[in-house]
Amino acid sequence: MREHDVVVVGGGGAGLRAAIAADEAGADVAIVSKLHPVRSHTGAAEGGINAAFHDRDSTETHAYDTMKGADYLADAPAVEALCRETPEEVIQLERWGMSFSRTDAGGIDLRYLAGHSAPRTTYAGAETGHHLLHTLYQQVIKRGITVYDEYYVLSLAVTEEPNPDDRRCHGVVAYDLATGSLDGFIADGGVVLATGGLGQVYNHTTNAVANTGDGVAMAYRAGAAIQDMEFIQFHPTTLPSTGVLISEGVRGEGGILYNAEGERFMFEHGYANNAGELASRDVVSRAELLEIQNGRGIADHVHLDMRHIGEERIRDRLENIIPLAADFEGVDPITEPMPVKPGQHFAMGGVETDEYGRTSIEGLYAAGECACVSVHGSNRLGGNALPELIVFGKRAGRHAAGDDPGAAEIPTGQEARTETWNGAIEAAIGEPEAVPATVSDGGRSRDGGRSRDNPTSVVARRVERERHRIDRLMDREGANHAAIRSTLQHAFEEHVNVFRTRSGLESTLETLATCRRRYRDVAVSDPSRTFNTDLIQTIETRNMLDIAEAITLGALVREEFRGAHWRLNHQGRNDDEWLRHTYVTWNDGRPSIHFGEVLLAGESRTYEPKVRSY
Ligand SMILES: Cc1cc2nc3c(=O)[nH]c(=O)nc-3n(C[C@H](O)[C@H](O)[C@H](O)COP(=O)(O)OP(=O)(O)OC[C@H]3O[C@@H](n4cnc5c(N)ncnc54)[C@H](O)[C@@H]3O)c2cc1C
């Protein structure tokens, strides 16, 4: 058993920033990560980090653009904190050595990204995430923070009171990929989840294979609510063959979208008469798909043209786009337009937290893409995720280390849920037994949770359950997980994509119920205890099934069109009924859906919902 004050799960931007903050607050910190930190998906971020530095910009304008981009489903206290604190965080990054792109005068340069009313995005070429990760990792090394890399966290060690709001997280259980041994990690102060995105539930995604939503699934099964899961961002410029992202920086620098008829369709077909290509991502993704559906696509895609930007500027500001287009599509973007189409990119939802990163479970924090604080509402603006990592990663780390921020404005747990959905979902999700009764899924201890005050036994018991789960998976004959994962991804690609219908979502729930039944017989055929990717992917597939169900349920109940969520028979935003957050709770494998208030009142103003046009 290992013991630290703070255990941070994940070594991406959010995890590294949390670890640095916890270290600065005097805690003994460990990062536990399935990837080496600099291989985390933050490294793929291209476009940049928004910060209100420009003369024509302000914290207030940044907050307004963010609330509008979110289609008014974000919580103002969190949005204002994000916009207020990012500039100082960017300056901190620069002092730590991050090599931002510069103006001729030597200052940090700013560019436009979609949905912003001023140049606001600081960047480091088109490799912002890479520089961010390396800058933060250097600080982790400098401080001597312990890093357990290539340790896969299987579950949270949480007490087992019947009411999830009474539970306490004492640590995690991790599997050492190099040796196959299981380790319990006791976290005396707190566990910070920073496990990133969940894009692998889709086939066509900009996300890495490691983005399987593990932290969201672990927190969900441990009793924390997961919030606004139906809001999935589809990025309008991904390469058709692979899903590899072409940065929004291309459109920020003046890149133009054309259909097969050579029309600049964002204007010519009236999708966004003011902002054109720089309308927010949900708007541009839908426009592209409508062009394709109306027969004006080039096969399954449209064209993104940046030739007019000129080779010198492209090489200066967007250099990495050149090999991406050449290697994956065989196109030289200096002389030819690039094929692009929408692809899954980001999860707006995640583990419910308050504005200090606290979840409803004592001792459990979450930050970054796995969390929902909520700053993105129903649609994230480009360049607002990296600010989320550094602002809320820092907050979560500092508070996990014992710095008490006092009461939060954003409620969590039962306090946040004003209503429970009473519709019938059981027919769609099947009986609770359809959820494989693995020993790691919140089964109660015989002492009814009296072990609350004994962290060692809470963690030790969880280690034994995980040992039993792994032994079972490895000791039996059965089906491979890959076919189940593939079935799930295809159903999501078809029915839980940009355009959604009731029948498609219901059929996805049925597919998921079938996948769960098949998963009961899943087995790991690779007997090795070292670097057993078959085992890890089998466990990830289980996590994907749980969160896929929550996404689909949220999408099914939300009968409106808001931000990234579009429903065929409900093609309008319905503030009277749907200006509210969605929460899904695990409820021992029988998911419950709840709703709660959106906080539109900020410090200086209330963000009254308006018609959202660009
Ligand atoms: C291609 C691309 C480009 C983007 N560009 C931008 C941009 O320009 N600007 C912007 O603001 N946003 C951008 N985004 C979004 C942003 O980059 C991500 O939301 C953000 O980097 C996620 O950071 P994170 O720290 O939450 O997660 P990650 O960086 O994904 O890190 C997750 C960490 O968790 C660990 N982990 C996961 N599961 C486990 C487990 N079971 N056990 C142990 N460890 C685990 C992983 O090892 C990893 O270290 C982009 C996203 C993509 C996909």
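Conventions adopted
- Residues numbered from 1 in each chain as written.
- Predicted model: local features only at pLDDT ≥ 70, side-chain atom pairs only at ≥ 80, totals over all residues.
- Heavy atoms only, no water.
- Helix = DSSP H or I, 4+ residues; strand = E, 2+ residues; numbered from the N terminus.
- Buried < 20%, exposed > 50% of the residue type's maximum accessible area, 1.4 Å probe, protein only.
- Contact = heavy atoms within 4.5 Å.
- Pairing = 2+ DSSP bridges.
- Axes fitted to C-alpha atoms, helices over the stretch in contact; angles between N-to-C directions.
- Domains from an automatic or database assignment.
- Buried area = accessible area lost by both parts, 1.4 Å probe.
- Polar contact = N/O pair within 3.5 Å; in protein donor to acceptor, adjacent residues only side chain to side chain.
- Nonpolar A, V, L, I, M, F, W, Y, C, P; charged D, E, K, R; others polar.
- Near = heavy atom within 4 Å.
- Areas by Shrake-Rupley, 256 points an atom, 1.4 Å probe, with all protein chains shown as cover.
- Phe/Tyr/Trp six-rings, centres within 6.5 Å; stacked < 30°, edge-to-face > 60°.

With respect to the side chain of Asp109
Alright, step 1. Structurally, the position occupied by Asp109 is in the loop between α3 (76-95) and β4 (121-122).
Alright, step 2. On the accessibility criterion, Asp109 (9% relative accessible area) is buried.
Alright, step 3. Setting aside its immediate chain neighbours within four residues, Asp109 contacts Ser101, Arg102, Thr103, Thr121, Thr122, Tyr123 and Arg317.

A short note on the sheet that holds strand β12 (residues 302-305)
Alright, step 1. As summarised here, the arrangement of the 4 strands in space is β10-β13-β12-β11, forming an open sheet in which the pairing is antiparallel. Of all the strands in the sheet, the pair left with one neighbour each is β10 (232-238) and β11 (256-258). Across the sheet, the mean angle separating the axes of adjacent strands is 45 degrees when strand polarity is ignored.
Alright, step 2. Summarising the sheet, β12 and strand β13 (residues 338-347) pair through 3 bridges and their orientation is antiparallel.

Some words on the domain arrangement of the protein
Alright, step 1. Segmentation of the protein into domains returns domain 1 (236-341) and domain 2 (426-577).
Alright, step 2. In this assembly, 5 residues from domain 1 lie in contact with 6 residues from domain 2.
Alright, step 3. Of the roughly 470 Å² buried at the junction of domain 1 and domain 2 (both faces included), carbon and sulfur atoms supply 75%.
Alright, step 4. The three residues of domain 1 that bury the most area against domain 2 are Asp282, Arg286 and Leu289, which together make up 80% of that side's buried surface.
Alright, step 5. Summed over the shared surface of domain 1 and domain 2, the number is 1 residue pair in polar contact (both at pLDDT 80 or more).
Alright, step 6. In terms of residue class, the side of domain 1 that touches domain 2 is built from 2 nonpolar, 1 polar and 2 charged.

Points about the site of the ligand
Alright, step 1. Taken together, 39 residues surround the ligand, and among them Ser40, Thr42, Gly47, Glu369 and Leu386 come closest.
Alright, step 2. At a separation of 2.8 Å, a nitrogen atom of the ligand approaches a polar backbone atom of Gly48.
Alright, step 3. Surface burial for the ligand is 98%, taken as the share of its 1,000 Å² of free accessible area covered by protein chains.
Alright, step 4. Of all the secondary structure elements, the ones that give two or more residues to the shell around the ligand are α1 (13-24), β2 (29-33), β6 (151-158), α5 (214-222), β13 and α11 (385-400).
Alright, step 5. Partitioned by chemical class, the residues of the shell around the ligand number 16 nonpolar, 18 polar and 5 charged.

Points about the packing of aromatic side chains
Alright, step 1. According to the stated counting rule, one finds 9 aromatic pairs in the structure shown.
Alright, step 2. Their ring planes at 85 degrees and their centres at 6.3 Å tell us that Phe265 and Tyr271 sit as a pair that is edge-to-face.
Alright, step 3. Given the relative accessible area of 0%, Phe265 is considered buried.
Alright, step 4. Residue classification places Tyr271 among the partly exposed positions, given a relative accessible area of 23%.
Alright, step 5. Among the aromatic side chains, those forming a connected cluster through ring pairs are Tyr148, Tyr151 and Phe185.

Considering the sheet that holds strand β20 (residues 580-585)
Alright, step 1. Read across the open sheet, the 6 strands follow the order β16-β14-β9-β20-β21-β17; overall the sheet is mixed. The open sheet terminates on both sides in strands that have one partner only, identified here as β16 (371-372) and β17 (419-420).
Alright, step 2. The pairing of strand β9 (residues 226-227) with β20 spans 2 bridges and is classified as antiparallel. Residue Ile226 lies in a different strand from β20, and its bridge partner there is Val584.

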